[in-house]
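# Chain and residue survey
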Amino acid sequence: MAIDVITVLYVDDSPFDRDLVFHALQKEHGGFNVIEADSREEFENKLAMGGYDIVLSDFNILGFEGLQVLDMVHAIIPGLPVIIVTGTGNEEVAVEALKKGADDYVVKSPSHIRRLPQTIYSVIDTKRSKIERMQVQRELQESEARWQSLVANAPNFITIVDSSHVIEFINHPVQGLTLGDVIGNSIYEFITPEYHDLPRRFIAEAFRTGESGSYISTATGNQNNIAWYENSLAPIKNADGSVVSVAIIASDITERKQAEMRLTEMMEDLQRSNKELERFAYVVSHDLQEPLRMVASYVQLLEKRYKDQLDQDANDFINFAADGAIRMQRMILDILEYSRVGTRGQAFEQTDLNLVLTKAMANVGGQIEDSGALITNDELPQVLADEIQMVQLLQ
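Quick notes on the rules
- Residues numbered from 1 in each chain as written.
- Predicted model: local features only at pLDDT ≥ 70, side-chain atom pairs only at ≥ 80, totals over all residues.
- Heavy atoms only, no water.
- Buried < 20%, exposed > 50% of the residue type's maximum accessible area, 1.4 Å probe, protein only.
- Helix = DSSP H or I, 4+ residues; strand = E, 2+ residues; numbered from the N terminus.
- Pairing = 2+ DSSP bridges.
- Expected span 1.5 Å × (residues − 1).
- Arc of directions from axis to C-beta.
- Contact = heavy atoms within 4.5 Å.
- Core = buried A, V, L, I, M, F, W, Y, C linked by side-chain atoms within 4.5 Å.
- Phe/Tyr/Trp six-rings, centres within 6.5 Å; stacked < 30°, edge-to-face > 60°.
- Lys NZ or Arg CZ within 6 Å of the ring centre and 35° of its normal.
- Axes fitted to C-alpha atoms, helices over the stretch in contact; angles between N-to-C directions.
- Salt bridge = Lys/Arg side-chain N within 4 Å of Asp/Glu carboxyl O.
- Parallel < 35°, antiparallel > 145°, perpendicular 65-115°, else oblique.
- Left-handed = near helix turned anticlockwise from the far one by under 90°.
- Nonpolar A, V, L, I, M, F, W, Y, C, P; charged D, E, K, R; others polar.
- Patch = residues over 30% accessible without salt bridge, like charges linked within 9 Å, V, L, I, M, F, W, Y side chains within 5 Å.
- Areas by Shrake-Rupley, 256 points an atom, 1.4 Å probe, with all protein chains shown as cover.

### Remarks on the pairing of strand β4 (residues 82–86)
- Buried residues dominate β4, accounting for five of its five residues.
- By the alternation rule, side chains of β4 split into Val82, Ile84 and Thr86 and Ile83 and Val85, which are all buried.
- Summarising the sheet, strand β3 (residues 54–57) and β4 pair through three bridges and their orientation is parallel. When the bridges of β4 are listed, Val55 appears paired with Val82.
- Two strands pair when backbone bridges link them, and β4 and strand β5 (residues 104–107) are joined in this way by four bridges, in the parallel orientation.

### Examining helix α1 (residues 15–26)
- Between its first and last C-alpha, α1 extends 16 Å over twelve residues, near the 16 Å set by a 1.5 Å rise per residue.
- All of the buried residues in α1 are Asp17, Arg18, Leu20, Val21, Ala24 and Leu25. Along the axis of α1, the buried positions cluster into a sector of 160°, meaning they face one direction only. Opposite the buried face of α1, at more than 90 degrees from it, the exposed residues are Pro15, Phe16 and His23.
- Next to the buried residues of α1 lie β1 (6–11), β2 (32–37), β3, β4 and α5 (116–153).

### Describing the nonpolar core
- By size, the foremost hydrophobic cluster in this structure holds 21 residues, and its most contacted members are Phe43, Leu47, Val55, Val73 and Ile84.
- For this core, the secondary-structure elements that each account for two or more residues are β1, α2 (40–49), α3 (68–76), β4 and α4 (91–100).
- With four residues, α3 is the largest single contributor of residues to this core.
- Leave out the neighbours within four places in its chain, and Val73 touches Phe43, Leu47, Val55, Pro78, Leu80 and Val82.
- Val8, Leu25, Leu56 and Val106 belong to the second largest nonpolar core, which has 20 residues in total.

### A short note on the packing of aromatic side chains
- The final tally for this structure, using the stated rule, is three aromatic pairs.
- Geometrically, the ring pair formed by Phe157 and Tyr229 is edge-to-face, given 5.4 Å between the ring centres and 90° between the ring planes. Of this pair, Phe157 sits in strand β6 (residues 157–161) while Tyr229 is found in strand β9 (residues 226–237), placing the two residues 72 residues apart along the sequence. Across the pair, Tyr229 and Phe157 agree in class, each one buried.
- Across the ring face of Tyr188, the terminal group of Arg200 is positioned such that the distance to the ring centre comes to 4.2 Å.

### Some details on the sheet that holds β5
- Taking strand neighbours across the sheet as the criterion, the five strands line up as β2-β1-β3-β4-β5 in an open arrangement whose pairing is parallel. A strand with exactly one partner marks an edge of an open sheet, and here the two such strands are β2 and β5. Across the sheet, the mean angle from the axis of one strand to that of its neighbour is 25°, orientation sign disregarded.
- When β1 meets β2, the two strands line up parallel, connected through six bridges.

### Section: the environment of Trp228
- Locating Trp228 in the fold gives a position in strand β9.
- On the accessibility criterion, Trp228 (17% relative accessible area) is buried.
- Taking the C-alpha atoms as reference, Trp228 lies 55 Å from Lys127; in sequence the two are 101 residues apart.
- Setting aside chain neighbours within four positions, we find Trp228 in contact with Tyr195, Ile216, Ser217, Thr218, Ser251, Asp252, Ile253, Thr254, Lys257 and Met261.

### Some points on the pattern of salt bridges
- Counted according to the given criterion, the structure contains 14 salt bridges.
- The shortest N-O distance in the salt bridge between Lys46 and Glu42 comes to 2.9 Å. Taken together, the residues Lys46 and Glu42, both in helix α2 and four residues apart, mark about one turn of the helix.
- Residue classification places Glu42 among the partly exposed positions, given a relative accessible area of 25%.
- Of the charged contacts, one joins Lys108 and Asp58 as a salt bridge, the two residues approaching to 3.2 Å between their closest N and O atoms.

### Description of the packing of α2 against α3
- It is at 11 Å that the axes of α2 and α3 come closest, and there the two elements cross at 20°. With respect to their mutual orientation, α2 and α3 come out roughly parallel. Our pair here, α2 against α3, has a crossing hand that is right-handed. Seen from α2, the contacting residues are Arg40, Phe43, Glu44 and Leu47; seen from α3, they are Gln68, Val69, Met72, Val73 and Ile76.
- Residues belonging to the contact of α2 with α3 are distributed by class as follows: six nonpolar, one polar and two charged.

### Details of the packing of helix α10 (residues 353–363) against helix α12 (residues 387–394)
- For the pair α10 and α12, the least separation of the axes is 9 Å and the interaxial angle reads 55°. Relative to α12, the element α10 is oriented oblique. Seen along the crossing, α10 lies across α12 with a hand that is right-handed. Residue-level contacts link Leu353, Val356, Leu357, Lys359, Ala360 and Asn363 of α10 to Glu387, Met390, Val391 and Leu394 of α12.
- Partitioned by chemical class, the residues of the contact of α10 with α12 number seven nonpolar, one polar and two charged.

### Topic: a nonpolar patch on the surface
- Together, Leu263, Met267 and Leu270 give the surface a local cluster of nonpolar side chains, amounting to about 270 Å² of exposed area.
- With respect to the helices and strands, the residue Leu270 is situated in helix α8 (residues 254–306).
- Under the relative-accessibility criterion, Leu270 is labelled partly exposed at 38%.

Take a look at the structure:
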């Protein structure tokens, strides 16, 4: 096993035992850098300097009672491995050392001390593996905590179901329910019955093909309140690519759906109102046309019969009355066109705005005269427009 030089702090008050251990480690051809200490004071000073990979210590050494050396090492450098190198093969000593936190022990005899290098390698490798596992566990815990925080604070509902469509996980349940009410139950217990087919088909398809999909559904709470959701499906696969679960990310679109329904209702109301207005306009235009036709006819009859018998003022009055009746007939016919809300009226054509202004002023001529208003204009152009709408605009 390729490994860097291992720095060992070895404390033992017996010169013979130190030589025994030193020679056992030197057989590894420089694989160990041994720092020796023969007293408690020297050991404390050297331990405080740090930089060691492992500590070797006798069971009973000068200045220490029993396994006090273990307590000191763990207090000053937590996690630094310690091997007890003892002159006795007493199992009780070994058990006591391991209970106190020693990583292993080796008997100081020629037959046993030969395994000390491999014991050191094994302890260090085990310790490093343990540290790596702990680091991985910490990273996993941190990742899990971040994921949990992200999922818990996500505005969307995230639900995970198994192949039987039973809920395994949900970040937060439908309003009015608890996690206990939801987890372990079929997802269809929380979906409006008429919407069961879509999720059943899409979830089964996700398990079968491993592909994502989306659908819209509704869900009910414990107060029978209905919420709309747009659902996106994401298959969850294991190492061999098999789908083990399906995540359903549901976005609450209740407000959007309610707005769409309100808009639909408003459009229906508007269409109904338009139809009623069209009917009303038809009735008005139909009922008023006959009286106006009679007024126009009798005014024209007066003009023909008494034109030479009346003075100029009377003839002007008759002309004003006839012209007003004709204009009113035209305006009543136009009511039907303007009652159709949402239409743009007649097809656009070249329209003389001078003529449009003249008609608009004629329609409000009485008001202009009563108010004493003076209306002037420059020469106006021709435009592509609906003449009736332009008259109404200027009027």
